[in-house]
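# Structural characterization, general
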Amino acid sequence: EVQLVESGGGWVQAGQSLRLSCSYSGFTYGYEFAWFRQAPGKEREGISCIKSDGDVQYVDSVWGRFVISKDNTKNTVYLQMNSLKPGETAIYYCAELAGPSTNNDCEYDGMDAWGKGTLVAVSA
């Protein structure tokens, strides 16, 4: 089981940017990493994933503003968040898929390891 630790969360004003990091350790094939967020009173939602071949996907709400990336030499997955909105205040989590992907979509429902999350607070 891989261990995941998020960092980089904090308070920002609307329109500003923030970069989250997900440091991973332990064994992993790196088949897929994903970012999730859970806003107050809402269910956790997957917002982006990156495959082992570098393919990336985003939900419509963050398209054009967020960028997911991975640096295998540093064992770190990143989420660059630009033009943040107040509605995006949430706990942000990273997660990892332990086995091969079954399709080309983000496998949000099949993640095997989770970080504890990092808080992002966006004020108007």
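The following refers to the structure shown. None of these values were measured; they are calculated from a predicted model. (Residues numbered from 1 in each chain as written. Predicted model: local features only at pLDDT ≥ 70, side-chain atom pairs only at ≥ 80, totals over all residues. Heavy atoms only, no water.)

## A closer look at the overall build of the protein chain
Our working rule: Only DSSP runs of H or I reaching four residues or more are called helices, and only runs of E reaching two or more are called strands; each is numbered from the N terminus. Between the two quantities, the radius of gyration covers C-alpha atoms and the globule rule is 2.2 Å times the number of residues to the power 0.38. Type-normalised accessible area, obtained with a 1.4 Å probe on protein chains alone, sets the label of each residue: buried when under 20%, exposed when over 50%, and partly exposed for intermediate values. We call two residues in contact whenever any of their non-hydrogen atoms come within 4.5 Å of each other.
Along the backbone of the protein chain there are 0 helices and 11 strands. Starting at the N terminus, the α and β elements of the protein chain follow one another as β-β-β-β-β-β-β-β-β-β-β. Relative to the globule expectation of 14 Å for 124 residues, the C-alpha radius of gyration of the protein chain, 14 Å, shows essentially globular dimensions. Counting only C-alpha atoms and orienting by the principal axes, one finds that the protein chain spans roughly 40 × 25 × 25 Å. Looking at the 124 residues of the protein chain, the share that counts as buried comes to 40%. Excluding contacts between residues fewer than 6 apart, the proportion of contacts in the protein chain whose partners are at least 24 apart in sequence is 59%.

## Some words on the packing of aromatic side chains
The condition is simple: For Phe, Tyr and Trp, rings pair up if their centres lie within 6.5 Å, where Trp contributes its six-membered ring, and each pair is then called stacked (planes under 30 degrees apart), edge-to-face (over 60) or tilted (otherwise). Throughout this description, the term charge over a ring refers to an Arg CZ or Lys NZ atom that lies within 6 Å of the ring centre and within 35 degrees of the ring normal.
If you walk through the whole model with that rule in mind, you get 5 aromatic pairs. Ring geometry for Phe-36 against Tyr-108: centres 5.2 Å apart, planes inclined by 75 degrees, an arrangement best described as edge-to-face. Residue Phe-36 is found in strand S4 (residues 32–38), and its partner Tyr-108 is found in the loop between strand S9 (90–97) and strand S10 (113–114); the two are separated by 72 residues along the sequence. Phe-36 gets classed as buried once you look at its relative accessible area, which sits at 3%. Between the aromatic rings of Phe-36 and Trp-114, the centroid separation amounts to 4.6 Å while the plane-to-plane angle is 50 degrees, which identifies the pairing as tilted. Taken as a pair, Phe-36 in strand S4 and Trp-114 in strand S10 lie far apart in primary sequence, 78 residues in all. Overall, the relative accessible area of 31% leaves Trp-114 in the partly exposed class. One aromatic cluster is present, built from ring pairs that chain together Phe-27, Tyr-29 and Tyr-31. In this structure, Arg-44 is placed above the aromatic ring of Phe-36, and the distance from its NZ or CZ to the ring centre is 5.8 Å.

## Concerning the sheet that holds strand S7 (residues 66–71)
Convention followed: By definition, two strands form a pair when at least two bridges between them are found by DSSP. Interaxial angles span 0 to 180 degrees and are taken between N-to-C directions of axes, which are lines fitted to C-alpha atoms, for helices over the stretch in contact.
Taking strand neighbours across the sheet as the criterion, the 4 strands line up as S1-S3-S8-S7 in an open arrangement whose pairing is antiparallel. Of all the strands in the sheet, just strand S1 (3–7) and S7 have a single pairing partner and so form its edges. This sheet shows a mean twist of 15 degrees between the axes of neighbouring strands, independent of strand direction.

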